[in-house]
Amino acid sequence: MSFSVPVKDMLFAMEHLANLDQVTQIPGFEDANLETAQAVLEECAKLCEGVIEPLNIVGDKHPSSLNDGVVTTTAGFKEAFAQFAEGGWQGLQHPVDFGGQGLPKTIGAACLEMLNSANLSFALCPLLTDGAIEALLMAGSDELKAIYLEKLISGQWTGTMNLTEPQAGSDLSLVRTKAEPLPDGSYKIFGTKIFITYGEHDMAENIVHLVLARVAGAPEGVKGISLFVVPKFLVNSDGSLGVRNDAHCVSIEHKMGIKASPTAVLQFGDHGGAIGYLVGEENRGLEYMFIMMNAARYGVGVQGIAVAERAYQRAVQYARDRVQSRPVDGSVPGAASIIHHPDVRRMLMTMRAFTEGCRAMATTAAAAYDAAHHHPDAAVRQANATFYEFMVPLVKGFSTEMSLEVTSLGVQVHGGMGFIEETGAAQYYRDAKILTIYEGTTAIQANDLVGRKTARDGGQSARAIAEQIAKTEADLHASGTAAALSMARHLQTAREAFLQTVDFVAGKAKASPNAVYAGSVPYLMLTGNLVAGWQMGRALLVAQDKLAAGEEAAFMQAKIITAQFYAEHILTRVPGLAHTVCTGGESACALPLEAF
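Residues numbered from 1 in each chain as written. Predicted model: local features only at pLDDT ≥ 70, side-chain atom pairs only at ≥ 80, totals over all residues. Heavy atoms only, no water.

## Brief notes about the overall build of the protein chain
Phase 1: Within the protein chain one finds 20 helices and twelve strands.
Phase 2: For the C-alpha atoms alone, the extent of the protein chain along its principal axes is close to 80 × 60 × 55 Å.
Phase 3: Scored against the burial criterion, the 596 residues of the protein chain give a buried share of 56%.
Phase 4: Partitioning the intrachain contacts of the protein chain with sequence separation of at least 6 by distance along the chain shows that 74% fall at a separation of at least 24.
Phase 5: When the accessible surface of the protein chain is split by element, carbon and sulfur atoms take 53% of a total near 23700 Å².
Phase 6: Once the 45 positive and 63 negative side-chain charges of the protein chain are each reduced to a mean point, those two points are 5 Å apart. (Helix = DSSP H or I, 4+ residues; strand = E, 2+ residues; numbered from the N terminus. Buried < 20%, exposed > 50% of the residue type's maximum accessible area, 1.4 Å probe, protein only. Contact = heavy atoms within 4.5 Å. Areas by Shrake-Rupley, 256 points an atom, 1.4 Å probe, with all protein chains shown as cover. Lys, Arg positive; Asp, Glu negative; His and termini not counted. Charge placed at Lys NZ, Arg CZ, Asp CG, Glu CD.)

## Some remarks on the side chain of Thr355
Phase 1: Relative to the helices and strands, Thr355 is located in helix H10 (residues 342–374).
Phase 2: Thr355 gets classed as buried once you look at its relative accessible area, which sits at 1%.
Phase 3: Setting aside residues up to four positions removed in sequence, Thr355 forms contacts with Ile305, Ala308, Glu309, Met402 and Val406.

## Details of the environment of Met402
Phase 1: Tracing the sequence through the fold places Met402 in helix H11 (residues 378–414).
Phase 2: By relative accessible area, Met402 is classed as buried at 2%.
Phase 3: Filtering out sequence-adjacent residues up to four positions away, Met402 remains in contact with Gly304, Ile305, Ala308, Phe354, Thr355 and Cys358.

## Examining helix H8 (residues 142–154)
Phase 1: The terminal C-alpha atoms of H8, which comprises 13 residues, lie 18 Å apart, in line with the 18 Å expected from a rise of 1.5 Å per residue.
Phase 2: Regarding H8, the residues found buried are Leu144, Lys145, Tyr148, Leu149, Leu152 and Ile153.
Phase 3: Against helix H7 (120–139), strand S3 (157–162), strand S6 (206–215), strand S7 (226–231), strand S8 (233–235) and strand S12 (274–278) lie the buried residues of H8.
Phase 4: Taken from the residues just after H8, Gly155 is the one with a positive phi, measuring 85 degrees. (Expected span 1.5 Å × (residues − 1).)

## Focus on the packing of aromatic side chains
To describe a pair of aromatic rings, you give the distance between the ring centres and the angle between the ring planes.
Phase 1: Inspection of every chain in the model, using the stated rule, returns eleven aromatic pairs.
Phase 2: With a centroid separation of 5.9 Å and 65 degrees between ring planes, the pair formed by Phe12 and Phe555 is classed as edge-to-face. Of this pair, Phe12 sits in helix H1 (residues 7–17) while Phe555 sits in helix H18 (residues 553–570); the two residues are 543 residues apart in sequence, bridging distant segments of the chain. For the pair Phe12 and Phe555, a shared accessibility class is recorded, and that class is buried.
Phase 3: Through a chain of ring-to-ring contacts, the aromatic side chains of Phe77, Phe81, Phe84 and Phe122 assemble into a single cluster.
Phase 4: Cation over ring: Lys105 sits above Tyr369, and NZ or CZ is 4.6 Å from the ring centre.
Phase 5: For Arg244, the ring lying beneath its charged end belongs to Phe233, and the centroid distance is 5.7 Å. (Phe/Tyr/Trp six-rings, centres within 6.5 Å; stacked < 30°, edge-to-face > 60°. Lys NZ or Arg CZ within 6 Å of the ring centre and 35° of its normal.)

## A short note on the pattern of salt bridges
Phase 1: For the structure shown, the criterion picks out 23 salt bridges.
Phase 2: Across the salt bridge formed by Glu43 and Lys46, the nearest N and O atoms sit 3.7 Å from each other. In this pair, Glu43 and Lys46 both sit in helix H3 (residues 34–52), three residues apart, roughly one turn of the helix.
Phase 3: Taking relative accessible area as the criterion, Glu43 reaches 43% and is therefore assigned partly exposed.
Phase 4: Residue Glu287 pairs with Arg284 through a salt bridge whose shortest N-O separation is 2.7 Å. (Salt bridge = Lys/Arg side-chain N within 4 Å of Asp/Glu carboxyl O.)

So this is what it looks like as structure tokens:
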């Protein structure tokens, strides 16, 4: 089945929920209006639908391969990446000073989503390169920027993020990779890194590894970690490629999903030492790496939305085609396509509502990022930075967990055929699982939401969001339609449960940490559900106004119905999650360790 990018829904979220017109008021983004956004999205959609999506199933069946240290990607990937780079898509939201297009994240996020919908494995390469670019922009010296940024932004070179080691997963205090200073200011790097996405491949001339390592004599723990640029090929003074660096792929992983994306084990320094260049200052590597991680965490959340959209489209098509059983209401005299059956429609609506809600949440967060980084008013920057930082664990954690539920429903809609690989439904389910794990598991996102985003400021940021939600409730009540009143009622119940939970988390995090953190993931799911539901409430109000004005009746009616469904079927989960967080911590930790 063909894939169709939901450009109209993306533009709706940009224009009416992210308030793109306000983004265009930011210096540098004046031309990033709705017309520009539509032109960019439509052009990107052509590439994704026509070139990159057809390689998705091919990559799942014929993954990247390793032979004598050389990784060959799936047939067609190299040529598709060349088209991606030539179109300027890698540099879409990066600075024009280094060859980028300088568009806001609000637009870039939509292109990121459609790229991942088309082919999750392919899209991982640009995603990691984006993170490397962000880290160098924020912390790299002028010399490093001059050498690497233009080539990365053009797509001529790609980037990686090297954190994880065999003995050090999420606990980076255990990093053992060593960095030995050399007289010329460079370093020799020795160590092993695992789970390195696109750590070796044949799609670009050079690969720029950003590597965490310890300099001799550095403090113990995370305070002693530094960040280094370690290119696959060293770069000559004239910008041309020099000799091969002592950084080699020794194996690639065989995975449940994202099979076409080569996940490499990289060995640094087996032949005398890999040459690396310090990013920023020694012992501040984790701080710099978090720049990459935050960019990647948002991106992974968008991946969740993307694979959910793809699973939804496939499930809808199958439900239209598959004939099975007579409808319970007798609307068709004999057997009918399964889309007539109420439970199938419930599953499809759940898939649709989750995906639209998370897309709206992520798009709104992207606009906050743009204001946080580029608005001329410092107070506006700070307010948006606080909001965006609160949203990152929600976009990453909730959207990826959502994608698991949606892709599982996609398999269920297919019935027995969903369990058969040839339908493609199973691939989305398999691909989606990694999204809840890499770039920080759901539990890590939840711990961040509890500790840094809620307890640290006593729940102030969380309550500020609740105040905004209350204003949307008032607007829904004022509207007075049945759909708006239903949304207002469920949104209010969910918000009140959220505030109760915020009080518990902020008030008990220090005194009863086990009780609070045992409920950290339910708290994340509760909060993400509420915030996505809030955006659906806002969308409902806009759609009602547009419908009354006679604009795109079918699209707006679908928006209203989907929002009401979200309220009545998904927001209703929030009070139960609140009960779990506030009362369930003791039982989660009560069983003695030896009893497991």
